[in-house]
Amino acid sequence: MLDLTPEVEELWDELAAAFERVMRSGQYVGGPEVAAFEAEAAEYLGVRHAVAVNSGTDALVIALRALGVGPGDEVVTTPFSFFATAESIASVGATPVFVDVDERTFNLDPSLLEARITPRAKAILPVHLYGRPVDMDAVLEVADRHGLKVVEDCAQSFGAPWRGRKTGSLGHAGAFSFYPTKNLGAFGDGGLVTTGDDEVAKAARMLRDHGSERRYHNVMLGYNSRLDALQAAMLRVKLPRVDAWNERRREVASRYEQLLAGVPGVVTPEVTPEHVFHQYTVRVLGGRRDAVQAALQQAGVATMVYYPVPQDRLPVFSHLGGACPVSDRLAGEALSLPIGPYLDGESQRAVVEGLAAATT
Ligand SMILES: *Cc1c(COP(=O)(O)O)cnc(C)c1O
């Protein structure tokens, strides 16, 4: 659905030079490229600390552990996300508690948070889904009132602003993914933990390297979750382009909004200045989503369903209970159309023509 090669072509010489620089350096895990990327990412995101790790999933796990979340704790989160969100909570021994979402934003509905907070609650884990920031004012207000930590899942929101700051700088910690299809993508797996807290940053640095303060002085059980120097070097080339790419994604979204205006039974996402459109996801009403997707497929238009099964309905979490009817409904309505910084108007018109034909 997304062709990743145009941005590689555009940056070919710089990427090739970065690749060569690392090959010649003789240092392939951690090291100066990673330290430089961490400093540049921290500056861009407006955070005190950025700790590079091996994936977005590890970033979530390490952020939670660095904040002291563990067995017996509950972490309140959204059911409507990629599995890694709740998986990371369970991986540290805590229990995910699901709060239903807002059909307009696909994000967790902050007005429902309070009712799901028990004395065991330790943290809230909002996801800025599809690149649209959660209402962080509301989330932080509830967290403050109950003394809870906030870990932002920013895997889909790199560069998204919220009230003059960036997602990942608002909670106690942020977790980013550099999986190739994300708004800032590496050439393999990668991730980042952000925090303004010195102790949390120190814990995250130890956890990513086998719980060691310095080599062979392991003080806790950690992980092998360091970022490769090659990935860091490539990410350093791409980081300065993220704002322009996000702006182009927003333009693509605006064009979709105009083109889709007359198509019945399709609800488009609001185009806001905060939204960085990792996905452009419409709702297809009337129980027709799967038929529409199949018809588009026939017409040669690839679309995706993120996510057909909410996390609370998956086998490992379905015993936890807690009804999330909006999330259940969205799982049957959501349809993500092709989007990327390089998607041209002609391709978009073809997608919308196919969609219009399939819905009528
Ligand atoms: C991609 C993603 C992750 C996991 O990131 P990886 O780098 O693939 O481990 C976590 N949460 C959300 C919302 C994601 O989209």
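Rules of the game
- Throughout, a residue's number is its position along its own chain's written sequence, starting from 1.
- Where local features are concerned, this predicted model is filtered to residues with pLDDT of at least 70; where side-chain atom pairs are given and counted, the filter is 80 or more; whole-chain, interface and lining totals use all residues.
- Hydrogens are left out, water is left out, and the side-chain values use all remaining heavy atoms of the structure.
- Domain borders in the structure are assigned automatically or taken from a domain database.
- Contact criterion: two residues are considered in contact whenever any of their non-hydrogen atoms come within 4.5 Å of each other.
- Reported buried area values correspond to the accessible surface (1.4 Å probe) lost by two parts on association, with both partners' losses combined.
- By definition, a salt bridge exists where a carboxyl oxygen of Asp or Glu is found within 4 Å of a side-chain nitrogen of Lys or Arg.
- Counted as a polar contact is a pair of N or O atoms within 3.5 Å, where, for protein atoms, one must be capable of donating a hydrogen and the other of accepting one, and residues adjacent in sequence contribute only when both atoms are in side chains.
- A run of DSSP states H or I qualifies as a helix once it reaches four residues; a run of E qualifies as a strand once it reaches two. Both are numbered from the N-terminal end.
- Side-chain classes follow a simple rule in which Ala, Val, Leu, Ile, Met, Phe, Trp, Tyr, Cys and Pro form the nonpolar group, Asp, Glu, Lys and Arg form the charged group, and the remainder, Gly included, forms the polar group.
- Throughout, nonpolar core names a set of buried Ala, Val, Leu, Ile, Met, Phe, Trp, Tyr and Cys residues whose side chains join them through atoms within 4.5 Å.
- Relative accessibility under 20% of the residue-type maximum defines a buried residue, over 50% an exposed one, and the middle range a partly exposed one, all with a 1.4 Å probe and only protein chains included.
- Two strands make a pair as long as DSSP finds a minimum of two bridges between them.
- Orientation is described by lines fitted to C-alpha atoms, with helices fitted over the stretch in contact, and by angles between N-to-C directions that extend from 0 to 180 degrees.
- Orientation categories follow fixed angle ranges, with anything under 35 degrees roughly parallel, anything over 145 roughly antiparallel, 65 to 115 roughly perpendicular, and all other angles oblique.
- The sense of a crossing depends on the near helix, which, turned anticlockwise from the far helix by less than a right angle, makes the crossing left-handed and, turned clockwise, makes it right-handed.

Caption draft 1: Summary view of the domain arrangement of the protein chain. Assigned domains within the protein chain: domain 1 (5-99 + 106-240) and domain 2 (241-359). Summarising the inter-unit geometry, the C-alpha centres of domain 1 and domain 2 are found 25 Å apart. At the junction of the two partners, domain 1 supplies 42 residues and domain 2 supplies 34 residues. Broken down residue by residue, the surface that domain 1 buries against domain 2 is led by Phe80, Tyr130 and Asn183, which jointly contribute 23%. Linking domain 1 with domain 2 are two salt bridges, by the criterion used here. The shortest N-O distance in the salt bridge between Glu14 and Arg241 comes to 2.7 Å. Our count for the contact surface shared by domain 1 and domain 2 stands at 20 residue pairs in polar contact (both at pLDDT 80 or more). Every element with two or more residues in the side of domain 1 that touches domain 2 is listed here: helix H1 (5-10), helix H5 (84-91), strand S3 (95-98), strand S6 (161-162) and helix H8 (229-238). Looking at side-chain class alone, the side of domain 1 that touches domain 2 contains 24 nonpolar, ten polar and eight charged residues.

Caption draft 2: Broad picture of the nonpolar core. By size, the foremost hydrophobic cluster in this structure holds 36 residues, and its most contacted members are Leu64, Val75, Phe80, Leu125 and Val193. Of all the elements in the fold, those that place two or more residues in this core are strand S1 (49-53), helix H4 (56-66), strand S4 (121-125), strand S8 (173-177), helix H7 (198-207) and helix H11 (325-333). Considering each element in turn, this core owes the most residues, seven residues, to H4. Built from parts of two domains, this core gets at least three residues from each of domain 1 (5-99 + 106-240) and domain 2 (241-359).

Caption draft 3: A look at the sheet that holds strand S14 (residues 334-337). Taken in spatial order, the three strands of this open sheet run S12-S13-S14, and their pairing is antiparallel. Among the strands making up the open sheet, the edge pair consists of strand S12 (266-267) and S14. Two strands pair when backbone bridges link them, and strand S13 (residues 280-284) and S14 are joined in this way by four bridges, in the antiparallel orientation. For Thr281, the partnering residue across the bridge sits in S14 and is Ser336. Packed onto the sheet, helix H9 (residues 242-260) meets S13 and S14 and runs at close to 25° relative to S13.

Caption draft 4: Spatial organisation of unusual backbone geometry. Of the consecutive residues Tyr306 and Tyr307, the connecting peptide bond is found in the cis state with omega at 10°. As for its placement among the helices and strands, Tyr307 is situated in the loop between helix H10 (289-298) and H11. Positive phi values are uncommon outside glycine, yet Arg163 reaches one of about 50°. Considering the arrangement of structural elements, one finds Arg163 in the loop between S6 and strand S7 (165-166). Here Phe277, not a glycine, exhibits a phi torsion of approximately 45°, which is positive. With respect to the helices, strands and loops of the structure, Phe277 is situated in the loop between S12 and S13. Judged by relative accessible area, Phe277 falls into the buried class, the value being 0%.

Caption draft 5: Examining the packing of helix H2 (residues 12-25) against H8 more closely. Two elements in contact, H2 and H8, have axes whose closest approach is 9 Å; the angle formed by their N-to-C orientations is 150°. Classified by the angle between their axes, H2 and H8 sit roughly antiparallel to one another. For H2 against H8, the interelement crossing comes out right-handed. Contacts between H2 and H8 involve Glu14, Leu15, Ala18, Phe19, Arg21 and Val22 from the first element and Ala229, Leu230, Ala233, Met234, Arg236 and Val237 from the second. Split by residue class, the contact of H2 with H8 holds nine nonpolar, no polar and three charged.

Caption draft 6: Spatial organisation of the side chain of Asn246. Tracing the chain through its elements places Asn246 in helix H9. A distance of 3.0 Å separates the side chain of Asn246 from the backbone oxygen of Phe158, its partner in a polar contact. Other than its neighbours up to four places away in sequence, Asn246 contacts Phe158, Gly159, Asn183 and Val276.

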